[in-house]
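# Summary of structural features
Listed below are the residues making up each chain.
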Amino acid sequence: MTSSGTTCGGRAGRDEAEAGPGGGTGPADGADAGGVTAAGTGPGPGTGGQPAWELLLPAAGAPARRRGRALQEALREAVRSGRLPAGTRLPSSRDLAADLGVSRGLVTEAYEQLTAEGYLRSDRGSGTWVGGAARAAVRGARDLAPRAPGVRVDFRPGTPDLSLFPRSAWAAAQRTVLTRTPHSTFGYPDPRGLPELREALAALLTRRRGVVADPERLVVCSGVAQASTLMGFALRGRGVRTVGIEDPGSPEHGRLFASTGLGTVWLPLDGEGLRPGPLAASGVGAVVVTPSHQFPSGIAWSADRRAALLDWARSAGGYVLEDDYDGDFRYDRAPVGALQGLDPERVAYAGSVSKSLAPGLRLGWMLVPEALVDEVAERKRTMDLGNPVLDQAVLAEFVRSGAYDRHLRRCQRAYRERRDALLAALAEFLPGTAVSGIAAGLHVIARVPARFGPPERFLERAAEAGVALRPLEEYGTGRPADGDVRLVIGYAHLTPPVLAEGIRRVAEAVGAGGTRA
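The structure reproduced in this document is the subject of the present report.

The rules we used
- Residues numbered from 1 in each chain as written.
- Predicted model: local features only at pLDDT ≥ 70, side-chain atom pairs only at ≥ 80, totals over all residues.
- Heavy atoms only, no water.
- Helix = DSSP H or I, 4+ residues; strand = E, 2+ residues; numbered from the N terminus.
- 1 Å grid on protein atoms, 1.4 Å probe; cavity = no way out; pocket = protein on both sides within 12 Å on 5 of 7 lines; lining within 4 Å.
- Points joined across faces, edges and corners; volume = space filled by probe spheres on them.
- Buried < 20%, exposed > 50% of the residue type's maximum accessible area, 1.4 Å probe, protein only.
- Polar contact = N/O pair within 3.5 Å; in protein donor to acceptor, adjacent residues only side chain to side chain.
- Contact = heavy atoms within 4.5 Å.
- Salt bridge = Lys/Arg side-chain N within 4 Å of Asp/Glu carboxyl O.
- Expected span 1.5 Å × (residues − 1).
- Nonpolar A, V, L, I, M, F, W, Y, C, P; charged D, E, K, R; others polar.
- Phe/Tyr/Trp six-rings, centres within 6.5 Å; stacked < 30°, edge-to-face > 60°.
- Lys NZ or Arg CZ within 6 Å of the ring centre and 35° of its normal.

## Examining unusual backbone geometry
Cis rather than trans, the peptide bond between D247 and P248 has omega equal to 5 degrees. Residue placement: P248 occurs in the loop between strand 7 (242-247) and helix 8 (251-258). The linkage connecting F295 with the following residue, P296, adopts the cis geometry, with an omega of 5 degrees. Examined against the element boundaries, P296 turns out to sit in the loop between strand 10 (286-289) and helix 10 (303-316). Backbone geometry places R362, a non-glycine residue, at a positive phi of 50 degrees.

## Describing empty space enclosed by the protein
All told, the structure shown has 8 cavities of 30 Å³ or more when counted by the stated rule. Of the voids in this model, the largest cavity is the one considered here, and its volume is about 140 Å³. Of all the elements in the fold, those that place two or more residues in the lining of the largest cavity are helix 6 (195-209) and strand 12 (347-352). Of the residues forming the lining of the largest cavity, the biggest block, 4 residues, is contributed by helix 6.

## Remarks on the side chain of R192
On the secondary structure map, R192 appears in the loop between helix 5 (167-180) and helix 6. By relative accessible area, R192 is classed as buried at 16%. Only 2.7 Å separates the side chain of R192 from the side chain of D190, close enough to count as a polar contact. In terms of polar contacts, R192 uses its side chain to reach the side chain of E216, at 3.1 Å. Filtering out sequence-adjacent residues up to four positions away, R192 remains in contact with R198, E216, L218, V219, V220 and A377.

## Things to note about the environment of F155
One can find F155 in the loop between strand 5 (153-154) and helix 5. Once residues lying within four places of it in the same chain are set aside, the contact partners of F155 are L422, V467, A468, L469, V488, I489, G490, L494, L499, G502 and I503.

## Notes on the pattern of salt bridges
Pairing is possible between side chains of opposite charge, provided their charged atoms come close. Summed over all chains, the structure comprises 32 salt bridges. The salt bridge involving D161 is made with R418; its shortest N-O contact spans 2.7 Å. Highlighted residues: D161 in the loop between strand 5 and helix 5 and R418 in helix 13 (residues 403-429), separated in sequence by 257 residues. The same class applies to D161 as to R418, namely buried. Its salt-bridge partner being R447, residue D484 comes within 2.7 Å of it at the nearest N-O pair. Placement of D484 in the loop between strand 17 (470-471) and strand 18 (485-490) and of R447 in strand 15 (residues 443-448) is noted, with a sequence separation of 37 residues between them. On the basis of relative accessibility, which here comes to 37%, the residue R447 falls in the partly exposed class.

## Thoughts on helix 12 (residues 389-400)
Taking 1.5 Å as the rise per residue, helix 12 with 12 residues should run 16 Å; its terminal C-alpha atoms sit 16 Å apart, in good agreement. For helix 12, the buried fraction is high: 9 of the 12 residues fall into the buried class. Every buried residue of helix 12 is listed here: V389, Q392, A393, V394, L395, A396, E397, F398 and V399. In the core, the buried residues of helix 12 are packed alongside helix 5, helix 6, strand 6 (218-221) and helix 13.

## Points about the side chain of H407
By secondary structure assignment, the location of H407 is in helix 13. Once residues lying within four places of it in the same chain are set aside, the contact partners of H407 are L164, F165, P166, S356, L357 and F398.

## Quick notes on the layout of surface pockets
By volume, the largest pocket amounts to about 1400 Å³. Lining the largest pocket we find 40 residues, and of these P157, G158, T159, K355 and P359 sit closest to its centre. Where the lining of the largest pocket is concerned, the elements lending two or more residues are strand 5, helix 7 (223-237) and helix 8. Examining the composition of the lining of the largest pocket, we find that 5 residues originate from one element, helix 8, more than from any other. Here the lining of the largest pocket is built from residues that sort into 17 nonpolar, 11 polar and 12 charged. Here the second largest pocket is characterised by a volume of approximately 350 Å³.

## Let's talk about the packing of aromatic side chains
By convention here, two paired aromatic rings are described through the distance between centres and the angle between planes. Under the defined criterion, the tally for this structure stands at 6 aromatic pairs. Through pairs of rings, three or more aromatic residues link up here, namely F165, W170, F398 and Y404. The positively charged end of R346 is found above the aromatic ring belonging to Y319, 4.7 Å away from the centroid. Directly above the ring of F233 sits R379, whose terminal nitrogen or CZ lies 3.9 Å from the centroid.

Structure follows, in structure tokens:
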């Protein structure tokens with residue numbers, strides 16, 4: 001009986017009947033069986049031209065108590081990596097044990113385990129072979145987080161200063177939680193969130209944002225993105241097919257609702273907020289809005305437009321999702337209260353710590369109209385069974401202790417200073433630039449005079465200078481023809497010297513001396 005394949009044999013002339021699981025009799029060695037002998041010199045006695053077993057030697061030298069597991073891991077990795085390709089015939093357990101200087105039982109156990117897993121196959125009468133099921137694993141892990149390679153100054157909006165993250169206060173809250181939290185808390189949580197966090201957030205949001213915050217209607221989620229998705233599924237279950245989004249607004253809202261099977265319609269804004277006429281004619285069943293500090297235009301909706309939106313929701317039976325993405329940051333006066341406080345049965349209110357602490361925490365919340373609470377909570381349960389309990393407990397302690405309020409005050413001082421530094425740099429290096437929107441949030445809208453354009457060339461030259469900028473046109477359907485360059489400039493994550501350096505680089509790149517680039 002002969003078999004073809006690559007031989008990975010031990011000593012020539014040994015009876016393969018002694019090989020691992022399956023037993024039986026077979027050819028004396030791979031060369032006689034018509035196989036190809038692997039190159040290399042074996043570590044133990046044997047006929048020349050035998051395979052190199054160096055890849056298994058570290059496992060053989062492992063401490064006795066973990067030598068068997070190490071041998072299995074090394075053999076498994078050799079198959080995965082392709083160093084032992086499919087069709088390779090393995091030596092008998094006795095030969096391999098002798099070559100490696102380990103017990104035969106250790107090798108037999110390894111053969112049996114890898115045969116059970118599918119890495120090896122044992123054919124009666126033919127010995128043990130490398131199976132064909134394994135494929136080489138991908139080496140390393142790619143990092144797909146948003147990055148800006150080659151950029152020296154990144155003005156793109158949406159990121160707080162991550163260096164301000166309160167590590168010491170957060171660590172103190174974590175130590176407190178680990179000391180005091182009962183063991184039972186670490187089981188599967190209420191999908192709406194830990195009761196102590198919902199209570200802490202309800203008190204915080206009532207005090208700071210003027211919402212109607214019932215802890216029983218508050219759902220802890222992984223940021224506003226998941227809140228939008230949860231709301232989208234609930235709306236779709238009630239027959240809604242399209243959702244209105246602000247124009248200009250965040251394109252991400254459209255992508256999130258599309259993932260739930262809902263279509264989106266751009267609804268135009270003016271200087272006061274969403275225009276009532278186009279909203280009424282749109283036929284949408286819900287809208288997502290940013291009324292306290294509209295993104296990206298930076299306006300605060302007027303009281304009349306807030307009332308008009310709620311009138312539409314009540315008369316049409318529609319719902320409003322309020323994205324309060326940066327409502328805590330107002331620098332010239334107290335922040336405008338949330339829309340949800342005017343009608344909690346028609347407005348779902350969503351927020352997160354992504355702008356106040358760090359987006360990587362993936363912690364947010366949504367206050368849900370009573371009619372939708374059960375649907376949203378059930379969808380949250382089937383999505384992920386709830387957010388990690390330790391993170392929730394730490395945030396609850398962080399809020400209750402007052403550390404969150406102290407951190408917000410620190411950020412407000414820093415971001416106000418940086419906004420002032422940005423405005424000063426624009427006035428110095430790009431004279432004639434107009435900044436619009438209220439003094440709030442983490443970004444401004446800058447309208448650069450046409451003499452520094454056209455917009456496409458302006459952005460190209462800025463990029464060549466190592467400065468990343470985001471044009472307003474990326475956030476909606478509007479395409480003004482006046483030649484001015486409209487930019488959405490994020491500043492919170494940049495220090496005043498870096499802000500000035502970035503604007504200076506842009507000015508030099510576009511020839512800011514009154515000459516059209």
